[in-house]
Amino acid sequence: MVKVGAGGGDWLALAVLAQYRMATTEQMHRVIAPGVRIEQTRRRLAKLRSEGLIDRITLPQAGRTRVWFATQYGVQVASEWPELREWQPPKLIADPTAARLRARHALAVTETGLAFLQDARRRGDVCRPLDWIPEVYHSLGSGEAVIPDALLYYRSCGDGGSMLRAFVEVDRATMGPERLAANLGAYARLHAYVPTPLGRPRPNLRLQPLEEDWRRRYALFPRLLFVLDGTGSTGIATRIQALHAATRALALSSFPRDIPVLAAP
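Residues numbered from 1 in each chain as written. Predicted model: local features only at pLDDT ≥ 70, side-chain atom pairs only at ≥ 80, totals over all residues. Heavy atoms only, no water.

S.K.: Could you clarify how one ought to interpret the overall build of the chain in this entry?
M.R.: The number of helices and strands found in the chain is eight helices and 10 strands. In the chain, buried positions account for 42% of the 265 residues. Contacts spanning at least 24 positions in sequence make up 61% of the contacts within the chain whose residues lie at least 6 apart. Element-wise, carbon and sulfur atoms account for 52% of the exposed surface of the chain, whose accessible area totals about 14,800 Å². (Helix = DSSP H or I, 4+ residues; strand = E, 2+ residues; numbered from the N terminus. Buried < 20%, exposed > 50% of the residue type's maximum accessible area, 1.4 Å probe, protein only. Contact = heavy atoms within 4.5 Å. Areas by Shrake-Rupley, 256 points an atom, 1.4 Å probe, with all protein chains shown as cover.)

Quick look at the structure:
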């Protein structure tokens with residue numbers, strides 16, 4: 001097994017690619033080493049590729065942009081690190097065609113995470129590269145699940161060090177406003193979901209009150225953030241109107257009262 005942990009830069013590069021799914025060379029540079037020349041990042045990525053840990057595709061329609069992702073071997077190596085113990089390995093990309101079809105959305109999600117990471121660096125807040133976790137699986141039972149585009153952890157240092165958590169949905173205007181807004185209903189169900197206990201309780205044991213499944217992971221239910229891309233100001237306004245309408249439709253539940261729902265272009 002390649003001991004990528006021996007070099008901190010190699011370790012971080014592989015961990016980021018395994019967790020983020022996809023990133024361009026320029027995105028990787030901004031995540032792992034913004035303070036050095038980009039040639040150093042290119043050499044690091046080439047080294048990891050020569051070791052079989054990562055691979056790349058080229059997007060001809062984007063100025064021959066190189067897009068990097070972890071190989072099956074790279075995912076296996078990264079999954080053994082304690083920093084990624086709560087991380088779920090991604091479904092691996094089977095071939096370059098599948099990678100190209102998935103790249104647009106994956107790169108938009110990576111760019112959104114970069115916006116938080118870079119802003120935290122400017123503000124002196126705490127948001128590390130691995131605090132952006134794409135595609136975290138949350139079961140709703142019966143084979144249903146909520147899988148946000150990303151889960152964000154962000155600690156603000158300006159107001160007593162509060163920890164902010166958010167489920168982030170990156171919308172590239174590939175679906176209608178109503179379908180986008182329907183995501184609110186799924187998150188409302190996750191907020192209320194209580195799993196059914198397996199088996200029967202022993203008769204002499206005091207029954208513990210059942211609680212929502214999300215409480216096993218989070219002290220507070222993460223806020224919900226929609227990042228709107230791929231459309232102009234009119235399209236953004238239409239999508240925000242649809243989100244408002246979906247929020248009003250959930251008025252009888254506690255979800256719209258308890259959980260901040262935000263949208264931004």
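S.K.: Please explain helix H1 (residues 8–20) as it appears in this structure.
M.R.: Working note: α-helix, 3.6 residues per turn, so residues spaced by three or four point in the same direction. Between the first and last C-alpha of H1 there are 18 Å, a value that for 13 residues agrees with the 18 Å anticipated at 1.5 Å per step. Within H1, 11 of the 13 residues are buried, leaving the element largely enclosed by the surrounding structure. Directly after H1, the chain includes Arg21, whose backbone phi takes a positive value near 85°. (Expected span 1.5 Å × (residues − 1).)

S.K.: Sorry, what's going on with the sheet that holds strand E3 (residues 65–70) here?
M.R.: Strand pairing within a sheet occurs via backbone hydrogen bonds; the two strands may be parallel or antiparallel. Within the open sheet, the three strands sit side by side as E1-E3-E2. Their pairing is antiparallel. Only two strands of the sheet have a single neighbouring strand rather than two, namely strand E1 (23–24) and strand E2 (54–59). One ladder, built from two bridges, connects E1 with E3; its direction is antiparallel. Note that in E3 the partner of Ala23 across the bridge is Trp68. The strands touched by H1 within the sheet are E1, E2 and E3, with E3 carrying the most contacts at an inclination of about 90°. (Pairing = 2+ DSSP bridges. Axes fitted to C-alpha atoms, helices over the stretch in contact; angles between N-to-C directions.)

S.K.: In this structure, what is going on with the nonpolar core? I would like to understand it.
M.R.: Note that soluble globular proteins tend to have their nonpolar side chains buried in a common cluster. Core analysis: the largest hydrophobic core is formed by 41 residues, its most contacted members being Leu14, Val16, Met28, Ile32, Ile54, Trp81 and Val168. No other element matches H1, which puts nine residues into this core. Ignoring sequence-local partners within four residues, the contact set of Met28 consists of Ala13, Val16, Leu17, Ala23, Ala33, Thr41 and Leu45. Core analysis: the second largest hydrophobic core is formed by 27 residues, Val146, Ala186, Phe221 and Ala242 among them. (Core = buried A, V, L, I, M, F, W, Y, C linked by side-chain atoms within 4.5 Å.)

S.K.: Just checking my understanding: could you explain helix H7 (residues 233–249) for this structure?
M.R.: The end-to-end C-alpha distance of H7 is 25 Å, a good match for the 24 Å that 17 residues give at a rise of 1.5 Å each. Along H7, the positions that sit buried rather than exposed are Gly235, Ile236, Arg239, Ala242, Leu243 and Ala246. Around the axis of H7, the buried residues are gathered within 120° of arc, so they sit on the same side. H7 presents Ser233, Thr234, Gln241 and Arg248 as exposed residues on the side facing more than 90 degrees away from its buried surface. (Arc of directions from axis to C-beta.)

S.K.: Would you take a moment to explain the side chain of Asp10 for this structure?
M.R.: With respect to the helices and strands, the residue Asp10 is situated in helix H1. With a relative accessible area of 10%, Asp10 lands in the buried category.

Such coordinate-based values are descriptive only and should not be taken to indicate function.
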